[in-house]
Amino acid sequence: MSSLGTAGAKASARRLLKANAWFVFAFLYVPIVVLVVFSFNDSERVNVWQGLSPRWYGEALGNTQIISALRVSLIVAISSTIVSTVLGTAVALALDRYRFKGRRALDGTVYLPIVIPDITMAVMLLVFFAEAFKLIDTFGPRLTLGVTTVALSHIAFNISFVAVVVRARLDQFDRTLEEAARDLYATPWGTFRRVTLPLIAPGIAAGALLALALSLDDVVISAFTAGPGATTLPVYVFSTIRQGVTPELNAISTLMLAASITLVVASLALQRPRSTTP
Amino acid sequence: MNGDGAVAGPTAERDGGVAHGPGAEDRTGVPAVEMHGISKRFGDVVAVDEVDLEIGDGEFFALLGPSGCGKTTTLRMIAGLDIPSEGRLAIFGEEVASWPPDRRPVNTVFQAYALFPHMTVAQNIAFGLQMRGIRGAEADRQVAEATALVRLEGMEQRRPSQLSGGQQQRVALARALVNHPKVLLLDEPLGALDLKLRQEMQTELKALQREVGITFIFVTHDQEEALAMSDRVGVMSEGRLLQVGTPAQVYEHPANRFVADFIGRTNLLEGVVESSTTLRLHAGAVVAAETDLAAGTPAALSVRPEQVRLHGRGETPQGAPCLDGVIGDATYLGHAFVYTVSIGGSGDGATTITVRAETGSAALAVGEPVSASWLPATTTVVAD
């Protein structure tokens, strides 16, 4: 009797867990599906289904404001990715290889931008730029917020993400390989170029893709540090949403979603430890 | 020394063979490696303690010792991967103690091979050539020769991860030998292989060394491997080099208790030196034994199991040192018996002697009273 009871309880617990898994799954993905489906809605109004059409994609891509915001987004994303990938990789290598004064402090603080709330980071950067400009302006040039400040801000948080990803790769790196290269007449630079760099390249690429995705997605920090004319695509979307959601926004959001997913999946694929079998 | 140290000598050029080092006629008598007072400290830890060592040109030399004895650090200092804290180090007469590894005419076969996983077998082997600016047809020719030398033809385009342990080992050898090093360093090269493959590779490595004529320095913790493969052995313990000699010298005349115990199996019969020709054993007997140690020094007599003869009580040959005991244990090994003989005596005197006897002789039963004897010339007096 009692054993039958526990068996029944186990079965229902399993059913409950299964149902919960489906619920969580639905909770996460139903809104996305709705968004994607409605981006193909032919109707002027978001909530009235009128049949399938790519019409709003055409409208979105014909909107000069959207295109200019997209341009800003890409400039910021690409430039901040390049700079933060180089600097983040250098930080990861330094922390992994060298014992220097302040190493522990740097090790602890380099990850701070990952945990600091976006809004704090945004306010922080805005105050910083304002103060810096005041100082620099006393020497003549009149600096204002713009694409450069947005890019600098994105570099500031992207360095941390790149450093984390590259360090994870370095942890698995066998240092004997570098010794073998040195033993085989490679200079320190030759060793880095021919052995270290190719072997940690997947980690660097993963970090770069993550940085690109984060930069393309960012709203809060970009909104605070952008001046007039430096509106990124997410900031543009956020500002137009106050006039109500239009089907055009659905289309842009779907495009951004597709871009982000592609980048993140590519990043994960590169980070996955794989056998070296070609 | 001439400047083109790392590149092949004239002999190699003439007969076109890969990695043919200086032939016997070219040997100059300059030691391949010379160390004087070499020490290495890591913080407070002394890894290598004032080692003096000379390794001859063309020698197959084994550095033998338990893990942590400093043998790998010694090898790494020759390679340039560790820089000595003190002392002088010369390779073929050239002071190299502070040189970086890429300037030294030596190459290393690493313990876990350290093959570059992102390169094919051929690219791995060509790496050293490329780093020295040898490219194109000449590099291809040398890579092909090295590949043939270690019998890896047909594997050139594979990745290290697609090879067996033995094959990876050969790639590591080819990758080092293709550079015609003046000295080849091998760090436990057989440690990662299973027993059967290890024995095969032992023979192969020896044959390879004879073929290329390069000085091989070989680090191992396996004393059988060291004895079987090398021309001379250096035994290390706790950073010190305790004894250097041929395998026979080291086995038959160990310099101290550690070496006697570490190399092969031995019986250490404790006692006190009585004179330059006698030792008083705690087991009771005074036995003949040559020694330089002062009278009164605590010492032990090292008697190898295969040098002990067992007789019936009172049947020992005239004049041979002997101890009376009882067979405590007998093990049949096929080609030999191993007996443990319990020697009586009170307190300190109680001990056992392990005896190895050929199977031809009659088996002895446990409990049988026997006399164990040996020839004084086959024993060594050892102290700490």
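Residues numbered from 1 in each chain as written. Chains lettered and ligands numbered in written order. Predicted model: local features only at pLDDT ≥ 70, side-chain atom pairs only at ≥ 80, totals over all residues.

Details of the overall build of chain A
- Of regular secondary structure, chain A possesses 12 helices and zero strands.
- When the helices and strands of chain A are listed from N to C terminus, the series reads α-α-α-α-α-α-α-α-α-α-α-α.
- For chain A, the spread of C-alpha atoms along the principal axes amounts to about 80 × 70 × 40 Å.
- In chain A, which comprises 278 residues, the share counted as buried stands at 33%.
- For chain A, restricting intrachain contacts to residue pairs at least 6 apart in sequence, the fraction spanning at least 24 positions comes to 78%. (Helix = DSSP H or I, 4+ residues; strand = E, 2+ residues; numbered from the N terminus. Buried ≥ 20, exposed ≤ 12 C-beta atoms within 10 Å, placed from the backbone. Contact = placed C-beta atoms within 7 Å.)

Observations regarding the packing of helix H11 (residues 233-240) of chain A against helix H12 (residues 247-271) of chain A
Residues and elements named next belong to chain A.
- Running from amino to carboxyl end, H11 crosses H12 at an angle of 150°, the nearest separation of the two axes being 11 Å. On the basis of their axis angle, the class for H11 and H12 is roughly antiparallel. Once H11 is placed against H12, the crossing between them reads as left-handed. Across from Leu-233, Val-237 and Thr-240 in H11, the residues of H12 making contact are Leu-249, Ile-252, Ser-253 and Met-256.
- Residue composition of the contact of H11 with H12, by class: five nonpolar, two polar and no charged. (Axes fitted to C-alpha atoms, helices over the stretch in contact; angles between N-to-C directions. Parallel < 35°, antiparallel > 145°, perpendicular 65-115°, else oblique. Left-handed = near helix turned anticlockwise from the far one by under 90°. Nonpolar A, V, L, I, M, F, W, Y, C, P; charged D, E, K, R; others polar.)

Focus on the sheet that holds strand S9 (residues 232-237) of chain B
All names here are of chain B.
- Pairing within the open sheet is mixed, and its six strands lie in the order S6-S7-S8-S3-S9-S10. Either end of the sheet is taken by a strand with one partner, and the two such strands are strand S6 (106-109) and strand S10 (240-245). The sheet shows a mean angle of 20° between the axes of neighbouring strands, taken without regard to direction. (Pairing = 2+ DSSP bridges.)

Description of the pairing of strand S1 (residues 33-42) of chain B
Residue and element names in this part refer to chain B.
- In this structure, S1 lies alongside strand S2 (residues 45-55), joined through seven bridges in antiparallel fashion. Across the sheet, Phe-42 pairs through a bridge with Val-45, a residue of S2.
- Between S1 and the antiparallel strand that follows it, S2, lie two residues; Gly-43 among them carries a positive phi value of about 60°.

A look at the interface of chain A and chain B
- Taken together, the contact between chain A and chain B spans 18 residues of the former and 20 residues of the latter.
- Of all the secondary structure elements, the ones that give two or more residues to the side of chain A that touches chain B are helix H8 (176-183) and helix H9 (188-217) of chain A.
- Ranked by the residues each element gives to the side of chain A that touches chain B, the list is headed by H8(A), at six residues.
- Considered class by class, the residues forming the side of chain A that touches chain B number nine nonpolar, six polar and three charged.

Description of the environment of Arg99(A)
Residue and element names in this part refer to chain A.
- Mapped onto the fold, Arg-99 is located in the loop between helix H3 (64-97) and helix H4 (103-109).
- Judged by local crowding, Arg-99 falls into the exposed class, with 6 C-beta atoms found within 10 Å.
- Placed 141 residues apart in sequence, Arg-99 and Thr-240 show a C-alpha to C-alpha distance of 50 Å.

Quick look at the domain arrangement of chain B
- Looking at chain B, the domain boundaries give domain 1 (10-252) and domain 2 (265-382).
- Domain 1 of chain B and domain 2 of chain B are separated by 40 Å when their C-alpha centres are compared. (Domains from an automatic or database assignment.)

Here's the deal with the confidence of the model for chain B
- In the predicted model, chain B carries a mean pLDDT of 87, and 91% of its residues have values of at least 70.
- Overall fold confidence (pTM) sits at 0.78, and the ipTM for the predicted complex is 0.81. (pLDDT = per-residue confidence, 0-100.)

Some details on unusual backbone geometry
Residue and element names in this part refer to chain B.
- The phi dihedral of Phe-92 is positive, around 50°, even though this residue is not glycine.
- Of note, Phe-92 is situated in the loop between strand S4 (86-91) and strand S5 (94-95).
- The buried category is assigned to Phe-92, around which 20 C-beta atoms lie within 10 Å.
- In the Ramachandran plot, His-180 falls in the positive-phi region, its phi being about 50° despite a non-glycine side chain.
- Assignment of secondary structure puts His-180 in the loop between helix H5 (165-177) and strand S7 (183-187).
- You can call His-180 buried: it has 26 C-beta atoms within 10 Å.

Examining H8(A)
- With six of eight residues buried, H8(A) is to be regarded as a mostly interior element.
- Listed in full, the buried residues belonging to H8(A) are Glu178(A), Glu179(A), Ala180(A), Ala181(A), Arg182(A) and Asp183(A).
- Packed against the buried residues of H8(A) are H9 of chain A together with helix H2 (71-79) and S6 of chain B.
- At the C-terminal side of H8(A), Tyr185(A) shows a positive phi close to 75°.

Notes on the environment of Ala288(B)
Residues and elements named next belong to chain B.
- Checked against the element boundaries, Ala-288 lands in strand S13 (residues 286-288).
- As for Ala-288 and Gly-213, which are separated by 75 residues in sequence, their C-alpha atoms are 44 Å apart.
- Among residues more than four places away in sequence, those in contact with Ala-288 are Thr-277, Thr-278, Pro-321 and Pro-376.

Describing the nonpolar core
- Of all hydrophobic cores here, the largest spans 154 residues; its most connected members are Val183(B) and Ile217(B).
- Looking at this core, the element that brings in the most residues is H9(A), giving 13 residues.
- Looking at which domains feed residues into this core, each of domain 1 (10-252) and domain 2 (265-382) of chain B supplies at least three.
- Beyond its immediate chain neighbours, meaning those up to four positions away, Val183(B) contacts Ala32(B), Val33(B), Ile78(B), Ile91(B), Val106(B), Ile214(B), Thr215(B) and Ile217(B). (Core = buried A, V, L, I, M, F, W, Y, C linked by C-beta atoms within 7 Å.)

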